[in-house]
Amino acid sequence: SFALVGESAGPAAPLPSVFAVDVKVPTIETVNSSMRDAELTRALGGDVASEADKLATLNATSVRVPEITVTMTVRPSADKAASTIVYHYKDIDLEGVSNGIAQSVTIGGLDDSVKPADGGPAGDSHFEAGKMSAESFDIASTLGFYGYGPAAGGTTVKPLYRNFSLASAGFT
């Protein structure tokens, strides 16, 4: 987990005074992985930067993560109550990973809840997604897209994944 504490960046891009993220990865199961389970747990648990090079070149028959819970707490200022956002990913499975590209990736489901500090105009909200899957998931390019690891060179556009599928999704 980590926390950022700072001042507003100005009216065009205000930052909350306090923004904290806590990531919990209870277990990871790998088969024939070039990374140890502890390294993957550290990377998926919020320390992507320290393991980005290894993730970008990961080799594994399979990587299974039964669940990841991400809790974000945002406090607009020190004298205001915090809002909370919780993402709960279930049954993450990467298969046939070679040099950082997974033949397939599946997420069994995602639950997302938002609890505004003041109740907000609509109160709590919830998002739920069913099974998601994709093929040819490029870990290195995805890391580069989010600013981890080296920037992609050249002028050729590379896909991050192919054949994305989402079984269902809904808001309440």
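Residues numbered from 1 in each chain as written. Predicted model: local features only at pLDDT ≥ 70, side-chain atom pairs only at ≥ 80, totals over all residues. Heavy atoms only, no water.

### Some details on the pattern of salt bridges
- Inspection of the entire model under this criterion finds 10 salt bridges.
- Glu39 is paired through a salt bridge with Lys54; the nearest N and O atoms lie 2.4 Å apart. In this pair, Glu39 is assigned in helix H1 (residues 37-44) and Lys54 in helix H2 (residues 48-56), connecting sequence segments 15 residues apart.
- Residue classification places Lys54 among the partly exposed residues on the basis of a relative accessible area of 38%.
- The residue Lys54 makes a salt bridge to Glu51 at a minimum N-O spacing of 3.8 Å. Of this pair, Lys54 and Glu51 both sit in helix H2, three residues apart, roughly one helical turn.
- Among the charged side chains, a salt-bridge network with shared partners connects Arg36, Glu39, Arg42, Glu51 and Lys54. (Salt bridge = Lys/Arg side-chain N within 4 Å of Asp/Glu carboxyl O. Helix = DSSP H or I, 4+ residues; strand = E, 2+ residues; numbered from the N terminus. Buried < 20%, exposed > 50% of the residue type's maximum accessible area, 1.4 Å probe, protein only.)

### Overview of the packing of aromatic side chains
- Evaluation of the coordinates by the stated rule reveals three aromatic pairs.
- For the ring pair Tyr87 and Tyr89, a centre distance of 6.5 Å and an interplane angle of 20° mean the geometry is stacked.
- Note on Tyr87: relative accessible area 24%, which makes it partly exposed. (Phe/Tyr/Trp six-rings, centres within 6.5 Å; stacked < 30°, edge-to-face > 60°.)

### Some remarks on the side chain of Asp112
- Mapping Asp112 onto the fold places it in strand S6 (residues 101-115).
- Here Asp112 occupies a buried position and makes no salt bridge, while the nearest side chain of opposite charge, Lys115, is found at 10 Å.
- Once residues lying within four places of it in the same chain are set aside, the contact partners of Asp112 are Ile85, Val86, Tyr87, Ser125, His126 and Phe127. (Lys, Arg positive; Asp, Glu negative; His and termini not counted. Contact = heavy atoms within 4.5 Å.)

### Notes on the packing of H1 against H2
- Remark: H1 packs on H2, axes separated minimally by 8 Å, with the N-to-C direction vectors making an angle of 125°. The angle between the axes of H1 and H2 places the two elements in the oblique class. In this structure, H1 crosses over H2, and the sense of that crossing is left-handed. Along its contact with H1, which presents Glu39, Leu40, Arg42 and Ala43, the element H2 presents Val48, Ser50, Glu51, Lys54 and Leu55. (Axes fitted to C-alpha atoms, helices over the stretch in contact; angles between N-to-C directions. Parallel < 35°, antiparallel > 145°, perpendicular 65-115°, else oblique. Left-handed = near helix turned anticlockwise from the far one by under 90°.)

### Topic: the environment of Leu94
- Secondary-structure assignment places Leu94 in strand S5 (residues 83-98).
- Residue classification places Leu94 among the buried residues on the basis of a relative accessible area of 12%.
- The spacing of Leu94 and Ala134 is 40 residues in sequence and 9.8 Å in space, taken between C-alpha atoms.
- What Leu94 contacts, discounting residues up to four positions off in sequence, is Thr61, Ser62, Val63, Ala102, Ser104, Val105, Phe137 and Ile139.

### Some points on H2
- Taken as a whole, H2 has its buried residues at Val48, Glu51, Ala52, Leu55 and Ala56. The arc that holds every buried residue of H2, seen down its axis, measures 150°, which confines them to one face. (Arc of directions from axis to C-beta.)

### As for the pairing of strand S7 (residues 125-129)
- Of the pairings in the sheet, the one linking S6 to S7 comprises five bridges and is antiparallel in character. Bridging from a neighbouring strand, Ser113 pairs with His126 of S7.
- Across three bridges, S7 lies against strand S10 (residues 169-171) in antiparallel orientation. Counted as the bridge partner of Glu128 is Gly170 from S10. (Pairing = 2+ DSSP bridges.)

### Let's talk about unusual backbone geometry
- One non-glycine residue, Asp91, lies in the positive phi region at around 55°.
- One non-glycine residue, Ser136, lies in positive phi territory at about 50°.

### Description of the layout of surface pockets
- Of the voids in this model, the largest pocket is the one considered here, and its volume is about 1500 Å³.
- What lines the largest pocket is a set of 37 residues, and nearest its centre among them are Leu44, Tyr89, Phe137, Thr142 and Tyr146.
- Mapped onto the lining of the largest pocket, the elements with two or more residues apiece are strand S2 (18-24), H1, H2, strand S4 (60-75), S5, S6, strand S8 (132-138) and helix H3 (139-145). (1 Å grid on protein atoms, 1.4 Å probe; cavity = no way out; pocket = protein on both sides within 12 Å on 5 of 7 lines; lining within 4 Å. Points joined across faces, edges and corners; volume = space filled by probe spheres on them.)

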